[in-house]
Amino acid sequence: MSDGLAGARTRAWHLGALGAGVVAIATSVLAPPGLIGDLLVLVVAVCALLFALDASRRRGPLRWVAVAGALLAGLALIVAAAVFLVALAKALP
């Protein structure tokens, strides 16, 4: 019985990692404009990437879903970091 419960928890982690990657991408589209919005996108992308990397270390049949979530979060992080650095360079004299 505990094997089924552990498997369900692992599947939930994997699906949560994919959801975190999708949220990181969606935040980059829906965030408010400006430096604060860019910082928000950056923080969400970092958190999503850390969560997805932790979930991808867990074995299970849906591990590829967690890896896909980590890839989405990583791409969102790269874009968020670039946009934030450009916004920060514009804001500083």
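Residues numbered from 1 in each chain as written. Predicted model: local features only at pLDDT ≥ 70, side-chain atom pairs only at ≥ 80, totals over all residues. Heavy atoms only, no water.

### Considerations on the packing of helix H2 (residues 35-56) against helix H3 (residues 63-91)
- Interhelical geometry of H2 versus H3 gives an angle of 155° and a closest axis separation of 7 Å. By the angle between their directions, the pair H2 and H3 is classed as roughly antiparallel. Relative to H3, H2 is oriented so that their crossing is left-handed.
- Residues that form the contact of H2 with H3 fall into these classes: 24 nonpolar, three polar and two charged. (Axes fitted to C-alpha atoms, helices over the stretch in contact; angles between N-to-C directions. Helix = DSSP H or I, 4+ residues; strand = E, 2+ residues; numbered from the N terminus. Parallel < 35°, antiparallel > 145°, perpendicular 65-115°, else oblique. Left-handed = near helix turned anticlockwise from the far one by under 90°. Nonpolar A, V, L, I, M, F, W, Y, C, P; charged D, E, K, R; others polar.)

### Some thoughts on H3
- The end-to-end C-alpha separation of H3 is 41 Å, in line with the 42 Å expected for 29 residues at 1.5 Å each.
- Of the positions making up H3, those classed as buried are Val-65, Ala-66, Gly-69, Ala-70, Ala-73, Gly-74, Ala-76, Ala-80, Phe-84 and Ala-87. (Expected span 1.5 Å × (residues − 1). Buried < 20%, exposed > 50% of the residue type's maximum accessible area, 1.4 Å probe, protein only.)

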